[in-house]
Amino acid sequence: MRGLEKIGNKMAAAFLALALAAGATAFAAAGGNTVPGEQAMLPLGLKAALHGGQVLPEPGGLLTPNRQTLSSAVSAAGYYKGIRLAGKVRVVEHFPDIKVKVVNNFPDLRVKVVNNFPDEIGEWQFVEHFEDFSIQYVDSFEDIRVQFVTSFPGVP
């Protein structure tokens, strides 16, 4: 594992050097007299890669949004951390797979409660045993936000 970290750090350093060189070239071509160094504009993807997937604030103090900060916790395919959000669901009080907040507006997932064959994303059948995943209802610090509907379940 240690060797992989060294390779990753070397690759990140190489990408940084290339990006700084490209930024310096663009700055000089624009008529600048000095090389901006750390102030060079790096591509958003490179910034995220260099900082473990997080985009850090710009020197001016503004946070540049990335795909993670703009999207919901549920993927477009209907998964949350590898859990397919369809199937048999058990409500628990402690140690859930997913913490859920019920909302009326701007949900991450629209849920339709069914009695049989919960096959589509957003179709949940509540059971006491043999669940596909478990949920806990919370008011804050939720993993996902759901809205219960009678038609058109799934990712909005």
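Residues numbered from 1 in each chain as written. Predicted model: local features only at pLDDT ≥ 70, side-chain atom pairs only at ≥ 80, totals over all residues. Heavy atoms only, no water.

Enquirer: So what's going on with the environment of Asp108? Residues and values would help.
Expert: With respect to the element layout, Asp108 can be found in the loop between strand S4 (98-102) and strand S5 (109-113). As for Asp108 and Ala76, which are separated by 32 residues in sequence, their C-alpha atoms are 9.9 Å apart. Each residue touching Asp108, except ones within four places of it in the same chain, is listed here: Ser72, Ala73, Val74, Asp143, Ile144, Arg145, Val155 and Pro156. (Helix = DSSP H or I, 4+ residues; strand = E, 2+ residues; numbered from the N terminus. Contact = heavy atoms within 4.5 Å.)

Enquirer: Quick one: what's the story with the side chain of Gln125, residue by residue and with numbers?
Expert: Relative to the elements of secondary structure, Gln125 occurs in strand S6 (residues 123-126). At 3.1 Å, the side chain of Gln125 forms a polar contact with the backbone oxygen of Asn115. If we skip the residues at most four places from it in the chain, Gln125 touches Gly87, Lys88, Val89, Val114, Asn115, Asn116, Phe117 and Pro118. (Polar contact = N/O pair within 3.5 Å; in protein donor to acceptor, adjacent residues only side chain to side chain.)

Enquirer: Before we move on, can you summarise the packing of aromatic side chains with the specific residues and values?
Expert: Applying the stated rule across the entire model yields two aromatic pairs. Ring centres 6.2 Å apart and planes at 80° place the aromatic pair Trp124 and Phe126 in the edge-to-face group. A relative accessible area of 0% places Trp124 in the buried class. On the numbers, 5.6 Å between centres and 80° between planes, the contact of Trp124 with Phe133 is edge-to-face. For the residue pair Trp124 and Phe133, the accessibility class agrees, reading buried in each case. (Phe/Tyr/Trp six-rings, centres within 6.5 Å; stacked < 30°, edge-to-face > 60°. Buried < 20%, exposed > 50% of the residue type's maximum accessible area, 1.4 Å probe, protein only.)

Enquirer: How would you explain the environment of Arg145 if you had to name every residue and give the values?
Expert: Here Arg145 shows up in strand S8 (residues 144-148). Leave out the neighbours within four places in its chain, and Arg145 touches Lys101, Val103, Asn105, Phe106, Pro107, Asp108 and Leu109. Side-chain polar atoms of Arg145 contact the backbone oxygen of Phe106, separated by 2.5 Å.

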